[in-house]
2 protein chains.
Amino acid sequence: MTVEGEKLYGRGTSAGKGPIVSWLWVIEAYGELGDELPVNVKLLVDGMKEVGSNGIDALVKEEAKDGNFLSNVDYFCISANSWLGRKTPCVTYGLRGLCHFSAEVSMGRKDLHSGHFGGTVHETMTDVAMLMGKLVGPNGKMLIPGIYDSVKAMTAEESSVYDAIDFDMAEYAEDLGIHSPDSLTYPGKKEALSARWREPCLSIHGIEGAFSDPGRKTVIPHAAVLKFSIRIVPGMEPSHVADSVSKYLTTAFCSFKSGNKLDVKMTQGCKAWLEDYNTDNFEAAKAASKLVHGVDADLTREGASVPITVSLAEATSKSICMLPIGACDDNAASADEKLNKSNYLNGIKTMGMYLQEVAKIGA
Amino acid sequence: MTVEGEKLYGRGTSAGKGPIVSWLWVIEAYGELGDELPVNVKLLVDGMKEVGSNGIDALVKEEAKDGNFLSNVDYFCISANSWLGRKTPCVTYGLRGLCHFSAEVSMGRKDLHSGHFGGTVHETMTDVAMLMGKLVGPNGKMLIPGIYDSVKAMTAEESSVYDAIDFDMAEYAEDLGIHSPDSLTYPGKKEALSARWREPCLSIHGIEGAFSDPGRKTVIPHAAVLKFSIRIVPGMEPSHVADSVSKYLTTAFCSFKSGNKLDVKMTQGCKAWLEDYNTDNFEAAKAASKLVHGVDADLTREGASVPITVSLAEATSKSICMLPIGACDDNAASADEKLNKSNYLNGIKTMGMYLQEVAKIGA
C-alpha cells in the first residue's frame, strides 16, 4: 500500500482488504478498551471472490445447518460494495445477478488464410458477427425474445427512494471517463439508476480465438468463442435465461445455414439479490451511519453481483444488509485502486456503531 | 530447415526462400556447366512481403524509368504463389486484391465494469456488434450497397479454362482441415474456384481492445477496433471500395444513436491483378512446365494478393507470369511450412527450361 496525501493506494484497499481490516480494528478497539463486544461477532472472509469463490456456496450451505458456524447468526452485514457517490454514505439492499455465456463457432482444425480460402468456406467470424447482431440493438436493447418479461415495474415506494438519492450525473459522467455525455444511455438520475440497478442488460466482452493484437492479419480463425454476459434482476432465473439465450442463438444459427458448429454455454449463473430494507438490521446500519457521518445514508442497490449474498440469503433466510465504506471513485478492483483515509476511519467507526445499534434490537 | 523423408520443413521453404534459392541454382548450374545463360536475367528479391514490402512500389516505379534497372526487361516471371493442387503444375495469370479496414469505436478513457455501469452507457462492443451484423449475411454475402457492381461475369473462354483444371473438392476439404464438408460454401469445383479467384469476399479477422483470453471477464472496453478485409477482383478500385465501406458504416453507426465515436480507415489497399495469358511469356512458362512434368500446366488464378505484381504491371506494362513451384498443402507462410523435395528439384528444372523457352521467343 502507498499513502499519497489523504488517499491509501493499493489493490484491495477499497474492494476487500480495507473493509476486512476495518472489522478487525473494531474488534481490536473493544479489546484495547477492555470492553466486551456488544454482540457476538462471527467473521466470514472470502479471499477468492475475483476467481469465482470456489466452494463458498457449499460451505455456507453446510455451515447454516443446525449447530454449525452460521446456524445461530441473527443478522448479516456485508462490506463488499461501494458508495453510490463520493460524499454520502449508503446502505445497500439489492444486487443484480449475472449470467455469463460463451458461444463457440468451430469450423475446423486450422486457421486459414483469407486470400487463399476466403469465399469458399463459411467463416467462423461471419457466423459470430451474425450472432452478435442478433443479441443487442440500439440503446443496448436486448433482442432475445421474452428476456424482459420478468422485470418488475417500479413501485411508488421504490420511486420515492430514488428521488431522495444524492447522485450527480455530471460527476458520474466524469467518473466514467467518457469522451461525451452522449455516451450515456439516460441523462436523468432516476432513469440512469434504474438502468444500473433494476434493469437487465447485455455486455459483449470479446472474442477468444480471433486476431486481437494491433496491426493487420488476414486470418480466418478455425474457431472463435464469443463471450457475453447478461446482468439479471429479481424475477429472472439464471436457468431460464440460459434456456432462452441458447434456444434463440441456436435457432438463429440454423437460419445462417453455415455448416459450422455452434456450442452455447452459460459459464456462470448467479441470481439477483433483493432485500427488504424495512427491518431492524437496516435500521441499525442507517443509525450507525448517521451517527458517524451526520447525514442520512442513501438506500442503494448495485448493478454488480456479489454471489455470497445470494448464498447467505438462500441458506439462512436471515436479514442481510450491505454496509459499504469506500467511495464510488475508488476504482474498486481495478487499476489505481484507492481508499480515502476519511472513508477508512469513518468506515471503522460506522462498523463499531453498527454493532452497538444491533445490540439494541429488541432491547 | 529440417529434412523429413521427402519433405523440407522450415518457414519460407515454400513461400519465398525456396523459390528464390531455386533461381540461384539455375544460374549456378549454367556457371558450373560453363554455359552462357540463354537470356539476360535480373533478380528482384523482396524480403519484406510479410510486413508490407515497404518501399517496393516506389523502387519499382523508379527503376522502371528509362535507363534504370528494370527499363529493358522484356518478360517478368514471379515465383510467389503455390500450385492449386498437389500434383499438377500451374502457371498463374490473376490475383485478387485486398482492402484492409479498421473501424474503431471509442467511448472514453477507461474500461468499465459491466456490473457497476452496464445499462447506463452505450457500450463500444454493442456498437461493434451492430456494425459487424451490417457487414455480412448468410453464405458470406456482403451487405455493403453496390459492392458487387463491378464484378465481371464469367466469359465462355474463362469457363472452359475452369473446366480443364485438375481440382479435387474432397482433397480441398481435407487440406482446409474443416470438420464437415458443410462448411464449404460451394460443393462444386467451378463455383468454389470462382468464389476463390474472381469474386470478392469479406473476412472479419477480430477485435483489438476487447477481452480475448480464455476464461471470463466482465469488462466494457473503452475502445474497440474491428479489423476486417475485403478481397477485391478486377474492376474494383480500392479507393472506391474504401468510400463505399466508410459511408455505409458511418450511416449505419449514426442510426444507432450511440453517442460514441466511430473512425473507419482503410489500412491497406491493393488492386487485383489479371494478365492476358495468350502471350509468348505464358507459352514459355507452359512449355517449360510440360517439358519437366510431362503434363500440361493448369492455368490458375489466386485468391490472395501479391502487391509487387500490381506494381510491376503498372510501372512496366510488360507481360508478367507467375510460375509457382510449391504444392497447395505446403502450409505456405504458416505453421509447419514445407516444400516437397520433388517440387524443389522439378521447380529448379522448370525455371531453367523457362529461360531457354524465353530465349526462343521471336527466334
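Here's what I pulled together on the structure shown here. Given the structure is predicted, the values throughout are model-derived calculations rather than measurements.

## Considerations on unusual backbone geometry
All names here are of chain A.
Turning to step 1, where the next piece is worked out: Positive phi outside glycine occurs at asparagine 331, with the angle close to 55 degrees.
Turning to step 2, where the next piece is worked out: At aspartate 336, a residue that is not glycine, the phi angle is positive and equals roughly 55 degrees.
Turning to step 3, where the next piece is worked out: Take aspartate 336: it is sitting in the loop between strand 13 (319-322) and strand 14 (338-340).
Turning to step 4, where the next piece is worked out: Owing to a relative accessible area of 60%, aspartate 336 belongs among the exposed residues under this scheme.

## Focus: the packing of helix 5 (residues 156-164) of chain B against helix 7 (residues 189-197) of chain B
All names here are of chain B.
Turning to step 1, where the next piece is worked out: At their nearest, the axes of helix 5 and helix 7 sit 10 Å apart, and the two run at 115 degrees to each other. For the crossing formed where helix 5 meets helix 7, the hand is right-handed. Where helix 5 approaches helix 7, its residues Ser159, Tyr162 and Asp163 are matched on the opposing element by Lys189, Lys190, Leu193, Ser194 and Trp197.

## A word on the packing of aromatic side chains
Turning to step 1, where the next piece is worked out: With the rule as written, the count across this model stands at 14 aromatic pairs over all chains.
Turning to step 2, where the next piece is worked out: Between A:Phe117 and B:Tyr172, the aromatic rings sit 6.0 Å apart at their centres with planes inclined by 45 degrees, giving tilted as the arrangement. Of the two residues, A:Phe117 sits in helix 3 (residues 114-117) while B:Tyr172 sits in helix 6 (residues 169-176), which places them in two different chains. The same class applies to A:Phe117 as to B:Tyr172, namely buried.
Turning to step 3, where the next piece is worked out: What links up through ring pairs into an aromatic cluster is the set A:Phe117, B:Phe167 and B:Tyr172.
Turning to step 4, where the next piece is worked out: One Lys or Arg, A:Lys42, reaches over the ring of A:Phe69 and ends 4.7 Å from the middle of that ring.

## Here's the deal with the relation of the copies chain A and chain B
Turning to step 1, where the next piece is worked out: Its rotation angle being 180 degrees, the transformation that places chain A on chain B also includes 0.0 Å of axial translation and leaves an RMSD of 0.1 Å. Seen this way, the second copy is the image of the first under a two-fold rotation axis. Closest approach to the rotation axis within chain A is made by the C-alpha atom of A:Gly133, at a distance of 2.2 Å.
Turning to step 2, where the next piece is worked out: Most of the interface of chain A is mirrored in chain B, where 100% of its interface residues are also at the interface.

## Looking at helix 6 (residues 169-176) of chain A
Turning to step 1, where the next piece is worked out: For helix 6 of chain A, the set of buried residues is A:Met169, A:Tyr172, A:Ala173, A:Asp175 and A:Leu176. Across the axial projection of helix 6 of chain A, the buried residues extend over an arc of 160 degrees, all falling on one side.
Turning to step 2, where the next piece is worked out: On its buried side, helix 6 of chain A packs onto helix 7 (189-197) of chain A together with strand 6 (112-113) and helix 3 (114-117) of chain B.
Turning to step 3, where the next piece is worked out: Its side-chain oxygen 2.8 Å from the backbone nitrogen of A:Ala170, A:Asp168 forms the N-cap of helix 6 of chain A.
Turning to step 4, where the next piece is worked out: Following helix 6 of chain A by one or two positions, A:Gly177 adopts a phi angle in the positive range, close to 70 degrees.

## Section: the sheet that holds strand 10 (residues 261-270) of chain A
All names here are of chain A.
Turning to step 1, where the next piece is worked out: Strand order in the open sheet formed by four strands is 7-9-5-10, and the pairing between neighbours is antiparallel. Because the sheet does not close on itself, it has two edges, and the strands there are strand 7 (201-208) and strand 10. This sheet shows a mean twist of 20 degrees between the axes of neighbouring strands, independent of strand direction.
Turning to step 2, where the next piece is worked out: Here strand 5 (residues 97-106) pairs with strand 9 (residues 223-232) via 10 bridges, running antiparallel. The residue bridging cysteine 99 from the neighbouring strand is isoleucine 230, located in strand 9.
Turning to step 3, where the next piece is worked out: Packed on one face of the sheet, helix 4 (residues 124-135) meets strand 5, strand 7, strand 9 and strand 10 and runs near 15 degrees to strand 9.

What counts and how
Residues numbered from 1 in each chain as written. Chains lettered and ligands numbered in written order. Predicted model: local features only at pLDDT ≥ 70, side-chain atom pairs only at ≥ 80, totals over all residues. Heavy atoms only, no water. Helix = DSSP H or I, 4+ residues; strand = E, 2+ residues; numbered from the N terminus. Buried < 20%, exposed > 50% of the residue type's maximum accessible area, 1.4 Å probe, protein only. Axes fitted to C-alpha atoms, helices over the stretch in contact; angles between N-to-C directions. Left-handed = near helix turned anticlockwise from the far one by under 90°. Contact = heavy atoms within 4.5 Å. Phe/Tyr/Trp six-rings, centres within 6.5 Å; stacked < 30°, edge-to-face > 60°. Lys NZ or Arg CZ within 6 Å of the ring centre and 35° of its normal. Least-squares fit on C-alpha atoms with pLDDT ≥ 70 in both. Arc of directions from axis to C-beta. Polar contact = N/O pair within 3.5 Å; in protein donor to acceptor, adjacent residues only side chain to side chain. Pairing = 2+ DSSP bridges.

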